[in-house]
Amino acid sequence: MLHETVDGQIQERLDWVLRRQRGIPNNRRLFVLACMDERLPVEEALGITTGDAHIFRNAGGLVTDDVIRSAMLTTNFFGTEEIVIINHTECGMMSARTETLVKALSDKVGNLAAVALDPALPELKLTDANAFGRWIKMFDDVDQISESQVAFLRDHPLIPSHIKISSYIYEVESGRLRRPYERLSDHVNDMRTMVEHPYRG
Ligand SMILES: [Zn+2]
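Residues numbered from 1 in each chain as written. Predicted model: local features only at pLDDT ≥ 70, side-chain atom pairs only at ≥ 80, totals over all residues.

Caption draft 1: Representation of the overall build of the chain. From N to C terminus, the chain includes six helices and six strands. N-terminal to C-terminal, the α/β element order of the chain is α-β-α-β-α-β-α-α-α-β-β-β. Oriented by its inertia axes, the alpha-carbon framework of the chain measures out at about 70 × 55 × 30 Å. When burial is assessed residue by residue, the chain has 25% of its 201 residues classed as buried. Expressed as a percentage of contacts within the chain between residues at least 6 apart in sequence, the contacts between residues at least 24 apart total 63%. (Helix = DSSP H or I, 4+ residues; strand = E, 2+ residues; numbered from the N terminus. Buried ≥ 20, exposed ≤ 12 C-beta atoms within 10 Å, placed from the backbone. Contact = placed C-beta atoms within 7 Å.)

Below is the structure:
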């Protein structure tokens, strides 16, 4: 009967709209942290689509207080079981020295320690320009940052200990993901090191 098909479609739509209210997790029970870089096709690289994951993107794909906030919510209350971090080669966060950026910004705005960082937390201020530099979070080694972020989240009290956490490096030059410290150029004849669409299959 046609009405059954239509009723089914309406029910599906309602479940989609009311997912959070009904405690329906995202399809892959997945939280992704990735760099905001326009060359990083997060969904394509992971083989996922709309509905599959909560995706958080920022400069560098770096763990910040808001990443902790979002990961805490999705893993404790929205049914997420896995966290994947994607950093990438040729990231803008490796392209300048912290001191250069801090100098350029202080020349523009003056006292960096006084700037507001969170509309809900006016008391959240950085103590000095040095702290401001660390807040920007420039880094040199994408493999090292990728691994250390996994370790940090694994030990974090707000992320439940059963959550599976991993990280990958997206190589802009090859358009592929790889694991930290497993450069394809080191294993050109061993294609097992290539991680292609880990969520497909
Ligand atoms: Zn980047």
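Caption draft 2: Main features of helix α3 (residues 65–77). Here α3 is 13 residues long and its end C-alpha atoms lie 18 Å apart, about the 18 Å a rise of 1.5 Å per residue gives. If you check which residues of α3 are buried, you get Ala71, Thr74 and Thr75. Viewed along the axis of α3, the buried residues span an arc of 90 degrees, placing them on a single side of the element. When the buried face of α3 is taken as reference, the exposed residues oriented beyond 90 degrees from it are Asp65, Asp66, Arg69 and Phe77. Close packing links the buried residues of α3 with β1 (30–35), β2 (53–58), β3 (82–88) and α6 (142–154). Where α3 terminates, the next one or two residues include Gly79, which has phi positive at roughly 80 degrees. (Expected span 1.5 Å × (residues − 1). Arc of directions from axis to C-beta.)

Caption draft 3: Geometry of the UniProt feature "binding site: Zn(2+)" (unreviewed entry) in the chain. Listed under "binding site: Zn(2+)" (unreviewed entry) in the UniProt record, and renumbered for this structure, are Cys35, Asp37, His88 and Cys91. The named residues occupy 57 residues along the chain; their greatest pairwise C-alpha distance, 8.8 Å, places them in one compact cluster. With 25 C-beta atoms counted inside 10 Å, the residue His88 sits in the buried group. The contact partners of His88, leaving out residues within four places of it in the chain, are Cys35, Asp37, Leu40, Ile169, Tyr170 and Val172. (UniProt positions renumbered as here; feature names shortened; annotations may be inferred.)

Caption draft 4: Just the pairing of strand β4 (residues 164–171), in detail. One ladder, built from seven bridges, connects β3 with β4; its direction is parallel. Across the sheet, residue His88 finds its bridge partner in β4, namely Tyr170. Following β4, the chain reverses through four residues before pairing antiparallel with strand β5 (residues 176–178); Gly175 in that reversal takes a positive phi of roughly 70 degrees. (Pairing = 2+ DSSP bridges.)

Caption draft 5: Quick look at unusual backbone geometry. Although it is not a glycine, Glu90 adopts a positive phi angle of roughly 55 degrees. Looking at the secondary structure, you find Glu90 in the loop between β3 and α4 (98–109). Here Lys137, not a glycine, exhibits a phi torsion of approximately 70 degrees, which is positive. Note that Lys137 resides in the loop between α5 (129–136) and α6.

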